[in-house]
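The lines below spell out each chain.
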Amino acid sequence: MKKGSLFILACIVALAACQDEADCTSVTTNFANLQFYELESGETDTAVVVNSIKPIDSDSILVSETTIIGTIQLPLNANEASTAFVFETEFGRDTLVLSYKVSTRLISEDCGLEVLFTELESIRNDFDSIRIVNDILVEDINEDIRIYN
């Protein structure tokens, strides 16, 4: 009887171990990846002199001292339908206002909700040219916005 009980207990433990655990990995992000480009050549510009980048209506400062960059991640506010940024660069002062749709999706009962940012668009900008190349924010994509100067 003792061997039978141990066998049944071992089977229960083995079956429980075989059950798949919930995959709670989310591939969404609240960061819009921005890449600078040269207006005339269309080539990536990896040496833009940036003095500061600040979200409007926030105490945050993304870049606070003179830095040379080619890309930057812009954090979007999940509590609003748009986020505005002020750029102080070698080209002058530029404003970029991004709008987007925020929604949630259930990953699973065990994992909960994930926040989705979709329909990304520029509703105002002072740059020479801007192009949204990806309007759904996903971690695996490293370019969502192209800015031409």
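In this text, all values refer to a predicted model and were calculated from it rather than measured experimentally. (Residues numbered from 1 in each chain as written. Predicted model: local features only at pLDDT ≥ 70, side-chain atom pairs only at ≥ 80, totals over all residues. Heavy atoms only, no water.)

> Would you mind going over the pairing of strand β4 (residues 71-75) with me for this structure?
The alternating pattern of β4 places I72 and L74 on a buried face, while none of T71, Q73 and P75, on the opposite face, is buried. Examined bridge by bridge, strand β1 (residues 31-37) and β4 share five bridges and lie antiparallel to one another. Residue pairing across strands places N33 opposite Q73, the latter belonging to β4. (Buried < 20%, exposed > 50% of the residue type's maximum accessible area, 1.4 Å probe, protein only. Helix = DSSP H or I, 4+ residues; strand = E, 2+ residues; numbered from the N terminus. Pairing = 2+ DSSP bridges.)

> Explain the state of the cysteines to me, please; I cannot follow it from the model alone.
Two cysteines joined by a covalent bond between their sulfur atoms form a disulfide. Applying the stated criterion across every chain yields a total of one disulfide. Between the sulfur atoms of C24 and its disulfide mate C111 the distance is 1.9 Å. Taking the sign of the S-S torsion, -80° for the link of C24 and C111, the bridge is left-handed. Linking C24 in the loop between α1 (2-18) and β1 with C111 in the loop between β6 (92-108) and β7 (112-125), this pair joins segments that are 87 residues apart in sequence. Accessibility expressed as a relative area gives 22% for C111, which makes it partly exposed. (Disulfide = S-S within 2.5 Å.)

> Mind showing me how you'd approach the packing of aromatic side chains here?
Each aromatic ring pair is described using two quantities: the centre-to-centre distance and the angle formed by the ring planes. Under the defined criterion, the tally for this structure stands at four aromatic pairs. Between F36 and F87 the ring centres are 6.5 Å apart and the planes differ by 85°, which places this aromatic pair in the edge-to-face class. Of this pair, F36 sits in strand β1 while F87 sits in strand β5 (residues 82-89), placing them 51 residues apart in sequence. Accessibility classification places F36 together with F87 in one group, the buried group. Measuring from centroid to centroid gives 5.3 Å for Y37 and Y148, while their planes differ by 35°, and the two rings are tilted. Here Y148 lies in strand β9 (residues 145-148) and Y37 lies in strand β1, a separation of 111 residues in the sequence. Per residue, the accessibility class of Y37 equals that of Y148, and both read buried. Taken together, the ring pairs connect F36, F87 and F127 into an aromatic cluster. (Phe/Tyr/Trp six-rings, centres within 6.5 Å; stacked < 30°, edge-to-face > 60°.)

> I tried to follow the sheet that holds β4 on my own but got confused; where do I start?
Hydrogen bonds between backbone groups are what pair the strands of a sheet, and the pairing can be parallel or antiparallel. Strand order in the open sheet formed by four strands is β4-β1-β9-β8, and the pairing between neighbours is mixed. The open sheet has two free edges, formed respectively by β4 and β8 (129-132), since each of these has just one partner strand. Between one strand axis and the next, the sheet turns through 25° on average, direction left out of account. (Axes fitted to C-alpha atoms, helices over the stretch in contact; angles between N-to-C directions.)

> I would appreciate a short explanation of the pattern of salt bridges in the present structure.
Side chains that differ in charge, positive against negative, can pair when their charged atoms come close. In total, this model carries four salt bridges according to the counting rule given. Across the pair E114 and R105 runs a salt bridge whose closest N-O atoms are separated by 2.3 Å. Using a relative accessible area of 7% as the deciding quantity, one classes E114 as buried. R105 sits in the partly exposed class, given a relative accessible area of 41%. Salt-bridge contacts for R146 lead to E143; the nearest nitrogen and oxygen are separated by 3.1 Å. E143 sits in the buried class, given a relative accessible area of 16%. (Salt bridge = Lys/Arg side-chain N within 4 Å of Asp/Glu carboxyl O.)

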